[in-house]
Amino acid sequence: MSDYLLMAISAIFINNILLAQYLGNCPFLGVSKKMDTATGMGMAVIFVLTLAGVITWIIDVYLLCPMDLVYLRTIVFILVIAALVQFVEIFLKKMVPALYAGLGIFLPLITTNCAVFGVAVINVREGFNFMEALVFSFTSAVGFALALVLMAGLRERMATARIPQVLEGTAIGLVTAGFMSLAFLGFMGMV
Amino acid sequence: MGLVREFTKGLWDEIPPFRLVLGLCPTLAVTKTLKDGLGMGLAVIFVLLCSNVLISILRNIIPPKVRIACYIVVIATFVVIVELVMQAFTYELYQDLGIFIPLIVVNCIVLGRAEAFASKNGVLASAADGLGIGVGFTLSLTVLGSIREALGCGTLSLKIPFTDISHVYNLFGPSFKPFAFMVSAPGAFICLGMLLCLMNIIGNLKKS
Amino acid sequence: MREILKMFIVLGIICGVAGALLAGVYTGTMDKIEYQELKFVKGPVIMEVLQGCTNNPVDDRFKLKYGEEEVKFFPGVFNGKCTKMAFETKGSGFGGDIGVIVAVNISEDTISGMGITTHKETPGVGSRAKDSVPFKNSFAGLSINDDIKIKADGGTVDAVSGATVTSKGVCAGVNTGSTIYKELKDQIISKAKEIK
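Not measured: the values here are computed from a predicted model. (Residues numbered from 1 in each chain as written. Chains lettered and ligands numbered in written order. Predicted model: local features only at pLDDT ≥ 70, side-chain atom pairs only at ≥ 80, totals over all residues. Heavy atoms only, no water.)

Now for the overall build of chain B. Within chain B, the secondary structure is distributed over eight helices and two strands. Walking chain B from its N terminus toward its C terminus, one meets helices and strands in the order α-α-α-α-α-α-α-β-β-α. For 208 residues, the compact-globule formula gives about 17 Å, and the C-alpha radius of gyration of chain B, at 18 Å, lands near that figure. Projected onto its principal axes, the C-alpha coordinates of chain B cover approximately 60 × 50 × 30 Å. Classification of the 208 residues of chain B by burial places 57% in the buried group. Summing over all exposed atoms, chain B offers an accessible surface of approximately 8,300 Å²; the carbon and sulfur share of this is 69%. Considering chain B, the positive charge centre built from 15 side chains and the negative charge centre built from 11 side chains are found 9 Å apart. (Helix = DSSP H or I, 4+ residues; strand = E, 2+ residues; numbered from the N terminus. Rg over C-alpha atoms; globule rule 2.2 N^0.38 Å. Buried < 20%, exposed > 50% of the residue type's maximum accessible area, 1.4 Å probe, protein only. Areas by Shrake-Rupley, 256 points an atom, 1.4 Å probe, with all protein chains shown as cover. Lys, Arg positive; Asp, Glu negative; His and termini not counted. Charge placed at Lys NZ, Arg CZ, Asp CG, Glu CD.)

So this is what it looks like as structure tokens:
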């Protein structure tokens, strides 16, 4: 049990997928301008990433490895993720309209979110077992959501601050992300 | 004239990842050294050029409803080819870039160009566009990689893939204390932010 | 209806062509990739256990069948004769399988060296086994007929401090190596005569 706890802490704080592993930076800078969109995106990523991480793990271990098709991993994973996102979208629309209203517009964006694909690949490259893959996918996504929401909080404040004209927009976003990443470096050595 | 224009717009006006804020993950992750940045750039040029050309050829055949799925299959195919070829011929680079080679699949630049350009334009124009954006991306990666490696390690390492040419230049002599911040994650973000700021300043000067 | 049919046909054809293309590229690069992996991942360890050999063990490699599996052998030529043979076995450590390269002196039937290729041991604890020179040296000269054990189990090998499980796993890997060697000894020696 303590192994899983350590893995969770490591994935959320120390090796945060956004700030230490550089995965999923496009939505990080793209949808972090407002708090409510950031929360919506964060929730959508937690939902899809956990599902995608587990499903791609099952496909890799029970389908690709026994059939000696490991070289097709990239193409199979991305198709599975794309199909999964479509499926989740249709499912939510029909069954849970309230949730769909909140997450719907973020779902198509997740297909090309490198965090989802990256975690799926890390799961199989590290040779995780099923529980490890599940815990790692979920906590990585939580780390993503945490960083995204924190960033949105900062950027909402920045909207009213006076920023030099040449730094406006993405430039100041990147510098802010740099300082956040520096703060997260402080967790290093905790595990 | 038209083709030249499609090519050159990728080098400044729409240079990724500065003007088109896409494809940030590899930009931040593989620019610790000059040689990794260059290798990644070349891989992206190949994928972008091939996928743009093929999608442009198929643009009238692909039904609009499943176009994204088709684009993804085409792109993923070229990415796997790059992955296998790199593994076979430049194994050290393959180890350095690691997970970021399969991640070209979800590099928003590639899918972005397929959707925004190749699906609407002819083969030659798409090829010029893919090549231009690819070269622009490679330029950004090499510049960023050079700055981070020079300050962070005090060296510049150049290795041209598929050849034996490789050099490591020691820039500042033995008394140089490496600025290790630059090769760490926060350094990557701040360095990219500062470069973007510099580009804005140059843009302003050009305007006035 | 016709539209949906067209969608499936186009997508199917694209996937089929992509799959065929990839299978082609994969078969074309397979041997080259295997060679690169040997050269960069196992190569340095093989060169270490066969230090001083005058040939290129990776280029001279050959395969033999051991039960269901194929084992790759890397011959080492010393003074014009192939006297040592390196090959990879597995032992289970703390975090999973440990890849162990065993070098056997085929004229004396002794173990001449041991090296570790891949492992998932705890960094800073079990991982030290990979670089510990005294630990690796304590295998040299042991007979292939001995059951190799760490000192705590009544054997002769100095375990890496704090990494008993890893050390035991490596010993098990070397013992498997002895078994494989004894089983295939005749074939190995006849192969070794061909290599100069």
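The structure having been displayed, the exposition proceeds.
Counting residues at the interface gives 43 residues for chain B, matched by 37 residues for chain A. Taking both partners together, chain B and chain A bury about 3,200 Å²; carbon and sulfur atoms supply 81% of that area. Ranking the residues of chain B by area buried against chain A places Cys25(B), Val106(B) and Phe189(B) at the top, with a combined share of 20%. The tally of links between chain B and chain A comes to zero salt bridges. (Contact = heavy atoms within 4.5 Å. Buried area = accessible area lost by both parts, 1.4 Å probe. Salt bridge = Lys/Arg side-chain N within 4 Å of Asp/Glu carboxyl O.)

Centre-to-centre distance and the angle between the planes together describe a pair of aromatic rings. For the structure shown, the criterion picks out 15 aromatic pairs over all chains. Seen in terms of ring centroids, Tyr71(A) and Tyr26(C) are 3.8 Å apart; in terms of plane orientation they differ by 5 degrees. Their pairing is stacked. Residue Tyr71(A) is found in the loop between α3 (35-64) and α4 (73-95), and its partner Tyr26(C) is found in helix α1 (residues 2-49); the two belong to separate chains. Assessed through its relative accessible area of 14%, Tyr71(A) is described here as buried. Relative accessible area serves as the criterion here: at 23%, Tyr26(C) is assigned to the partly exposed category. When the centroid spacing of 6.2 Å and the interplanar angle of 80 degrees are considered together, the rings of Phe46(B) and Phe78(B) count as edge-to-face. Of this pair, Phe46(B) sits in helix α3 (residues 34-58) while Phe78(B) sits in helix α4 (residues 67-89), placing them 32 residues apart in sequence. By relative accessible area, which is 13% here, Phe78(B) ends up buried. Joined through ring pairs, the aromatic side chains of Phe13(A), Phe184(A) and Phe187(A) make up one cluster. Here the basic side chain of Lys84(C) rests over the ring of Phe78(C), its NZ or CZ set 4.7 Å away from the ring centre. (Phe/Tyr/Trp six-rings, centres within 6.5 Å; stacked < 30°, edge-to-face > 60°. Lys NZ or Arg CZ within 6 Å of the ring centre and 35° of its normal.)

All chains considered together, the criterion is met by 14 salt bridges over all chains. Here Asp158(C) makes a salt bridge to Lys151(C), at a shortest N to O gap of 2.8 Å. Assessed through its relative accessible area of 38%, Asp158(C) is described here as partly exposed. A salt bridge links Asp153(C) to Lys168(C), with the nearest nitrogen and oxygen atoms 4.0 Å apart. Remark: Lys168(C) occurs in helix α3 (residues 164-194) and Asp153(C) occurs in the loop between α2 (133-137) and α3; sequence separation between them is 15 residues. For Asp153(C), a relative accessible area of 37% translates into the label partly exposed. For Lys168(C), a relative accessible area of 41% translates into the label partly exposed. Members of the salt-bridge network, linked through shared partners, are Glu6(B), Lys9(B), Glu14(B), Arg113(B) and Asp129(B).

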